[in-house]
Each structure stands twice: as structure tokens, then as C-alpha cells.
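So you can see what is in the structure, the chains are spelled out below.
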Amino acid sequence: MPSDWTAHNGAAAIKISHDQCFVYITNSGHYSIAVFAIVGDGELALVERAPSEGEFPRDFNFSADESLLIVANQNSDNMALFERDQATGRLTLCQKDFAVPEGTCVMRRL
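Residues numbered from 1 in each chain as written. Predicted model: local features only at pLDDT ≥ 70, side-chain atom pairs only at ≥ 80, totals over all residues. Heavy atoms only, no water.

### Looking at the sheet that holds strand 7 (residues 78-84)
Spatially, 5-6-7-8 is the arrangement adopted by the four strands of the open sheet, whose pairing is antiparallel. Each edge of the open sheet carries a strand with a single partner, namely strand 5 (57-62) and strand 8 (91-99). Each strand of the sheet is rotated relative to its neighbour by a mean of 20°, with strand direction disregarded. For strand 7 and strand 8, the ladder comprises six bridges, and the chain directions are antiparallel. Its bridge partner lying in strand 8, Leu81 is registered against Gln95. (Pairing = 2+ DSSP bridges. Helix = DSSP H or I, 4+ residues; strand = E, 2+ residues; numbered from the N terminus. Axes fitted to C-alpha atoms, helices over the stretch in contact; angles between N-to-C directions.)

In C-alpha cells form, the structure reads like this:
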């Protein structure tokens, strides 16, 4: 969290990319997705905190090739779609405000 953040926050979803280079964590109070690079001997380095484009990001998932990430924001009843840079881990907003009432889980079809 930013050093000046004093409000409540909690992690709702934590996932590691398949290449095991990045960790993604939803921040439900800060309304963001934290991206960390896995460096050295399992240490984490912050890459970015991307706004989730809604309130209380509850869950997210990757596309099959992990080029996209979609997040469900429970309290604002929406989802947002991000392009994922597989080399840097960074997220770029593609589209937001997909209406999803009380989204709490993002499943991926196999």
C-alpha cells in the first residue's frame, strides 16, 4: 500500500502468473490490483498498483494465454478488462464498466 494509506484494506485474491514471474493481488479497500515481480530468492518487488476501475475488487483471472486480466468489482457491480504485458507484468486498461451484479468470482473455461 502507499505509505500515506490509512484506511482499511484487505487482499481478496492472490494469483501467480504461470511463468512464476509475477504476483497479482486485489486491494479491496484501495480499489487496486498490486503487481509484484518475483525477484531473487522469492523476494517481491512492486511493479505497480493499477486502479481496478470499480469498488472492492473481489476476484480476477487471466485469459488462457495470460495476455488479459479481468477483475470483478463487487460493490460497484462491474468488471474491467486489462491487457497484461507478459514481460513486465504491467496492466493496461482495455475496457471497463461491464455490468456484473455483485461479482465475487471470475472463472476461466478450460
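### Observations concerning the packing of aromatic side chains
Here the structure, examined in full by the defined rule, presents three aromatic pairs. Ring geometry for Phe60 versus Phe62: centroids 5.9 Å apart, planes at 85°, classification edge-to-face. Under the relative-accessibility criterion, Phe62 is labelled buried at 5%. Through a chain of ring-to-ring contacts, three or more aromatic side chains come together here, namely Tyr24, Phe60 and Phe62. Sitting above the plane of the Phe60 ring, Lys15 keeps its charged end 4.8 Å from the centroid. (Phe/Tyr/Trp six-rings, centres within 6.5 Å; stacked < 30°, edge-to-face > 60°. Buried < 20%, exposed > 50% of the residue type's maximum accessible area, 1.4 Å probe, protein only. Lys NZ or Arg CZ within 6 Å of the ring centre and 35° of its normal.)

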